[in-house]
Amino acid sequence: MFWFLPPASAQTTNRIGKFSGTCQTETLGREFITSYMKDCGNSHQFELQITGYFAFTSVSVFISNYLFHRARLENKTMVNQGEMVQVRLPESVGVEGSATFSNVVLVKADKDISVVSVSNKHVSPETTVLYPVSSLGNEYYVVTPSTEPLDSYPEFSVITYQEPNSMEIHVKGKLHYLTQVHSTDSKLKFKLLSLQGIQLQGIEDLSGTRIVSEKPVAVLVGQVCFCNSTKCNHVFEQLLPVCSWGTTYIIPPLPWQKADEIVYITASQSTTVLYQRGEHQENVTLTGGSVHQLPVKPSIPVYISANVSIQVMFYSLGAAIPNSSHAFLMNVPDVASYCLMYSINNQEGFQNFALMVANTSETGAIILDNQRLRSVEWNQVRGTKYVWGMHTLGPAMRSHAVEHASSPFALLSVGTAAMDSYGIPGSCRKNVTFKCQTETQQIKEQLKMCKDVFQQGSTSEFCSFMNSTLVNLETMCAEDRAASLEEVARPFGSFLNSSILSIGGNESKREVASAVTLLLRSVELAALTAALRSPEKKTQNMTTEFMAIETLLVPAAGRCDEVFRLRGQNQTMDIHCNAVTRAATKDPWAVAFISYFTLDDIINTTFLKEGDLMADEKLRNFHLNSRVVSGAIGDGRPMNLSKPVNFTLCHRQAKKEEEEARCVHWKFISGKGTWAEDGCKILQTNSTHTICSCDHLSSFALLMGLTGVEESDPLTIITYVGLTFSLLCLLLAILTFLLCHSIRNVSTSLHLQLCLCLFLADMLFLTAVTRTRSRVVCAVIAGFLHYLFLACFTWMFLEGLHLFLTVRNLKVVNYTSVSRFKKRFMYPFGYGFPALVVAVSAAVKPGGYGTSKHCWLSLERGFHWSFLGPVCAIILINLTFFIVTLWILRDKLSSLNEDVSTVKDTRLLTFKAIAQLFILGCTWSLGVFQVGSAKMVMAYLFTIVNSLQGAFIFLVHCLLNRQVREEYRRWIKGTRKPSPTIQTFSSSVSTVTTGTKMVSWGEPSTSSP
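What this report covers is the structure whose coordinates are included nearby. Just so we're clear, the structure is a prediction, and the values are computed from it rather than from any experiment.

**Side note on the packing of aromatic side chains**
Applying the stated criterion to the full structure yields 20 aromatic pairs. Taking 4.6 Å as the distance between ring centres and 35° as the angle between the ring planes, the aromatic pair formed by Phe 647 and Phe 700 counts as tilted. With a gap of 53 residues between them, Phe 647 in strand β46 (residues 645–650) and Phe 700 in strand β51 (residues 699–705) connect regions that are remote in the sequence. Look at Phe 797 and Phe 829: their rings are 5.8 Å apart centre to centre, the planes differ by 50°, and that puts the pair in the tilted class. Placement of the pair is Phe 797 in helix α8 (residues 775–808) and Phe 829 in helix α9 (residues 815–844), with a sequence separation of 32 residues. Here Phe 797 falls in the buried class, since its relative accessible area comes to 16%. An aromatic cluster of three or more residues is present, and its members are Phe 789, Phe 793, Trp 856 and Phe 867.

**Let's talk about the side chain of His 651**
Within the secondary structure, His 651 is located in the loop between β46 and β47 (660–669). Exposure remark for His 651: the relative accessible area of 8% places this residue in the buried category. At 3.0 Å, the side chain of His 651 and the backbone oxygen of Ser 687 are in polar contact. Residues in contact with His 651, not counting those within four places in the same chain, are Asn 625, Thr 685, Asn 686, Ser 687, Thr 688, His 689, Thr 690, Leu 702 and Met 704.

**A word on the sheet that holds strand β29 (residues 367–368)**
On the basis of which strands lie adjacent, the open sheet formed by 5 strands has the order β30-β29-β33-β27-β36 and antiparallel pairing. Unpaired on one side and paired on the other, β30 (371–372) and β36 (427–428) mark the two borders of the sheet. In terms of strand pairing, β29 meets strand β33 (residues 399–403) through 2 bridges, oriented antiparallel. The partner of Leu 368 across the bridge, within β33, is Val 402.

**Some details on the state of the cysteines**
Disulfide: a covalent bond connecting the sulfur atoms of a pair of cysteines. Taken as a whole, this structure holds 5 disulfides when the rule is applied. In this model Cys 778 forms its disulfide with Cys 855; the gap between the sulfur atoms is 2.4 Å. Judged by the torsion about the S-S bond (-125°), the Cys 778/Cys 855 disulfide is left-handed. Of this pair, Cys 778 sits in helix α8 while Cys 855 sits in the loop between α9 and α10 (865–891), placing them 77 residues apart in sequence. The pair formed by Cys 778 and Cys 855 is uniform in burial state, with each residue classed as buried. The structure places no disulfide on Cys 757, whose sulfur is separated from the nearest cysteine sulfur, that of Cys 792, by 5.2 Å.

Conventions adopted
Residues numbered from 1 in each chain as written. Predicted model: local features only at pLDDT ≥ 70, side-chain atom pairs only at ≥ 80, totals over all residues. Heavy atoms only, no water. Phe/Tyr/Trp six-rings, centres within 6.5 Å; stacked < 30°, edge-to-face > 60°. Helix = DSSP H or I, 4+ residues; strand = E, 2+ residues; numbered from the N terminus. Buried < 20%, exposed > 50% of the residue type's maximum accessible area, 1.4 Å probe, protein only. Polar contact = N/O pair within 3.5 Å; in protein donor to acceptor, adjacent residues only side chain to side chain. Contact = heavy atoms within 4.5 Å. Pairing = 2+ DSSP bridges. Disulfide = S-S within 2.5 Å.

In structure tokens:
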């Protein structure tokens, strides 16, 4: 697998020569070394907490010259941007007593990371930030808290890196090495191999001990089973080299502090130190190598300044009460090293806090995890322009990002639990700009998936695409130099030719949506970065074969009324200069407008043919009819717009009069790419252009096509009133066919089954079609509606067949074949055929039943044709039956009986045949014509006619049947009269009088003249 890595210049390398003057300490890097101190406790847990700032960062953890179960210990892992992973180390890695050791822990990464070392022991956890090898120095001064019990020992470790090293240790206090005790003014000399260390344990306080090395080393200080106010405590911290010390420090109080804490001030040369605690000010003069202890009162911050560089370390003793927080040691950052961006890690099981020191006028612009900090109580630091504040974080273990756009501030991560506490400075993210981060929840999910793929040693074209895209963005953003739009357009444009954007298949569509989303976001961030890094250029533009980009740099002036127009080929974006709601800063902001030349083809081909893009069913029949354009503002973070932004989009094909246009923006939800209308509206449209107005910035396009009729209150009222009336009529028809014995035959049996199915379908539609809360219940309802309406049409087909056979048999009567057809096929076919269609449909696409608004068939992938297909076939067949029936009635009927062929009876037969066909489904054809300017008229006709279908059946089959009317009269009058001996044609022309013989589709019967 090919890994595309950001250049090494993305991080600063500080190789410190002997006795060098100044250096800058970084917390982000690619190589770290450390060791662990083992105390008298019985339980030890050592771990590394590694935080990533770039996607797909490969990390390896080694223990040099160390064999675990006869194998070299090496742990390989991967960490994504904004992610923190824990790496557990074996307990035997700890070093005990004074000794030379090779258990050096080495961490290597292919991109910048930050590392926190955790030493968990029984009721004595401790943490420290590890500084990369690029920030190591040659000169250190040891600080170890004073010890009272004789069995508690201060200690420190010195670790070399990749080359042999020589060092001198100027002892202050007493330490034990080999068989000798070395006191103040003793000088120890050591030569160490690469990745080797020496640990020295003291008999008394070793603060002020000086370490000087030929090549840079890492120095860690600690205390073995230190016991002061609480039970056994272990403190542990990596020291900063002298070259990175500062002159000004501010120490905020701890949130839970109830007793005095201690600040250790170390001088490498003679200096005067001024410190202020509240209103109280004092001066102290320190000589080189001296360490001064300064008490810190609860709730009172401390301000310290000196005329030369000093080292300041904060020591929390732990409250002098049972089961209270344990002690910890922490480096305090000097004011000159304050940073714009930090990363801190919550510790699991702790009440975690973020302690901040910021400029008084800039507190309102501090952002935590892309959200502005609210409800922080800021307190003045006397004698300075700074304030301090505290923000409570959650208890879950996770990484947080904290930033300010322009004003550096300090961030300390502290926490407390029962008998436990910790404190570490935040990891400064000097080489990682937030404007180049794409840490959305959806992108994080894809990064996690690809991380698992890479860790398993597998390959994925999609993951390689994501890696290449992100590395291209990271490389551009990491380099602190001016960038041109050509560096944006050409590399990112080439990604549009990637085969991942043209793969077929359902699973790959999710990958295409993710890839498109990441690409769109990356181009926006890169374009804004290029604009912000070229302040001398107010406007920039670039056109390639893949995209056109124009950027604008807007100075941070007062309010104005100017409207800026940006162009990309034939597309434009108009934005008001006061459209951005932002904090008042002196920094300019950038606007970027991108028009993609090929992306609309990719999305259109991959998605729109199947209709997968549409989040709203109203858009299902649309097609993409413009270029995809993107608008971005600021530095890439989400910003509220006080005024809408207007986009003028050119149509790829001329807009037809009957077509509607919709302004939509690209959304990525639950792993799927969708086009959504929310927040956008059309201001003006013609055959060639459409102007869209949107209240947010994203990627936009035009969808165009024919729409269906939206639901309205009148249509809803007509539906409910019409169906209620139809249900009443169908119930009367069912009772009529069941109780009216004089008309009982095959025809009435068909009518009865049709009415039963239509009654149940209308009842279910009326009561349950909108119950979409439960997807399973909605799918079951849709399945039953599908079955019942198909059953209605199936019985309609059988009625049409019965009509045709009855008229055809007027000349040649075949009672046997008709009767056998009825008994063998009528009921199995009437109920079996729709059941077969529903079963096949459900098996082919189980998710096709139920939509977000109605419990009916989904329109995706033409699933609704599982209903429309059989319906259209039945309508066409019945239309054929109708034409043939009319032909027979005209040419053959008069030969049977001269009386029947009169003009009056012919008109009656024709009317009832046409009414029958109308009932058999012609009403549904009105739905096909709901397009164009007449769609509302057709919608009302369709709703009225179909909702009253039950009433039509009752009218034709009951009220227009003379026998039924006579039965109604008898029931109303309460009298019973003999049935007439002469029959007339029923509504379905199932009986015809021929003088002395009555022909019907059933058992034959005769009557006398």
